[in-house]
Amino acid sequence: VQLVESGGGLVQPGGSLNLSCAASGSIYRINAMGWYRQAPGKQRELVATSTPGISTKYADSVKGRFTISRDNAKNTVYLQMNSLKPEDTAVYYCNADIRPQSSYFSRDYWGQGTQVTVSS
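Residues numbered from 1 in each chain as written. Predicted model: local features only at pLDDT ≥ 70, side-chain atom pairs only at ≥ 80, totals over all residues. Heavy atoms only, no water.

Peer 1: Lay out the side chain of Ser20 with the relevant residues and their values.
Peer 2: Positionally, Ser20 belongs in strand β3 (residues 17-24). Looking at Ser20, its side chain comes within polar contact range of the side chain of Ser6, at 2.8 Å. Residues contacting Ser20, with those up to four places away along its chain left out, are Val4, Glu5, Ser6, Trp35, Thr76, Val77 and Tyr78. (Helix = DSSP H or I, 4+ residues; strand = E, 2+ residues; numbered from the N terminus. Polar contact = N/O pair within 3.5 Å; in protein donor to acceptor, adjacent residues only side chain to side chain. Contact = heavy atoms within 4.5 Å.)

Structural data, given as structure tokens:
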């Protein structure tokens, strides 16, 4: 099972970016999917998560600016980021709770990370 992210880059303050993360491999079921970020010298923090049929959750710092969505048919999660601020600069990691075909249990998987830089 792999998570592959795309969509990071350099953007000016006030701009937008859309991140995507596709899960692939021998997947039986995907539960929660979400995004975390880690800025230099800081701990990794939750940005947003989505659990099918239950809820979405956002960090207070991104509420009203970021939107998480999923395409379950494509095993893909997206993060639309609007009104970006310099403090949003970080490496963004995709996370998913996945049960592989080969297991009765689900576990956390992580993407490799994609850099988002907000700067003028």
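Peer 1: Outline the nonpolar core, listing residues and values.
Peer 2: With 29 residues, the main nonpolar core has Trp35, Leu79, Met81 and Tyr92 as its most contacted residues. When contributions to this core are tallied by element, the ones reaching two or more residues are β3, β4 (27-38), β5 (45-51), β7 (66-71), β8 (76-81), β9 (90-100) and β11 (114-118). The element that contributes the greatest number of residues to this core is β9, accounting for five residues. When sequence neighbours within four positions are dropped, the list of residues in contact with Tyr92 reads Glu5, Leu19, Trp35, Tyr36, Arg37, Val47, Phe66, Leu79, Met81, Gly113, Thr114 and Val116. (Core = buried A, V, L, I, M, F, W, Y, C linked by side-chain atoms within 4.5 Å. Buried < 20%, exposed > 50% of the residue type's maximum accessible area, 1.4 Å probe, protein only.)

Peer 1: Give a detailed account of the sheet that holds β7, specifying residues and quantitative values.
Peer 2: What the four strands build is an open sheet, ordered β1-β3-β8-β7; its pairing is antiparallel. Edge positions in the open sheet fall to β1 (2-6) and β7, since each of these has one partner strand only. When strand polarity is set aside, the average angle formed by the axes of neighbouring strands in this sheet is 15°. Of the pairings in the sheet, the one linking β3 to β8 comprises six bridges and is antiparallel in character. By the bridge assignment for β8, Ser20 is matched with Tyr78. (Pairing = 2+ DSSP bridges. Axes fitted to C-alpha atoms, helices over the stretch in contact; angles between N-to-C directions.)

Peer 1: So, the pattern of salt bridges: which residues are in play, and what are the values?
Peer 2: Tallied over the full model, the rule gives four salt bridges. Of the charged contacts in the structure, one is a salt bridge between Asp88 and Arg37, with a shortest N-O distance of 3.0 Å. Of this pair, Asp88 sits in the loop between β8 and β9 while Arg37 is found in strand β4, placing the two residues 51 residues apart along the sequence. The buried category is assigned to Arg37, whose relative accessible area is 5%. Among the ionic pairs, Asp88 bridges to Arg65, the shortest N-O distance being 2.7 Å. Remark: Arg65 occurs in the loop between β6 (55-58) and β7 and Asp88 occurs in the loop between β8 and β9; sequence separation between them is 23 residues. Via salt bridges that share partners, Arg37, Glu45, Arg65 and Asp88 belong to a single interconnected network. (Salt bridge = Lys/Arg side-chain N within 4 Å of Asp/Glu carboxyl O.)

Peer 1: Tell me about the state of the cysteines, and please be specific about residues and values.
Peer 2: What the rule picks out here adds up to one disulfide. Between the sulfur atoms of Cys21 and its disulfide mate Cys94 the distance is 2.1 Å. Of note, the bridge from Cys21 to Cys94 carries an S-S torsion of about -80° and is left-handed in sense. Of the two residues, Cys21 is situated in strand β3 and Cys94 in strand β9; the sequence distance between them amounts to 73 residues. Taken individually, Cys21 and Cys94 each receive the classification buried, so the pair is uniform in this respect. (Disulfide = S-S within 2.5 Å.)

Peer 1: Help me get a handle on the environment of Asn82, residues and values and all.
Peer 2: As for its placement among the helices and strands, Asn82 is situated in the loop between β8 and β9. Take Asn82: its relative accessible area is 29%, and that puts it in the partly exposed class. Each C-alpha atom, one on Asn82 and one on Ser120, is 16 Å from the other, the two residues being 38 residues apart in sequence. The residues contacting Asn82, other than those within four sequence positions of it, are Gly15, Ser16, Arg65 and Phe66. A polar contact of 2.9 Å, which involves the side chain of Asn82, links it to the side chain of Gln80.

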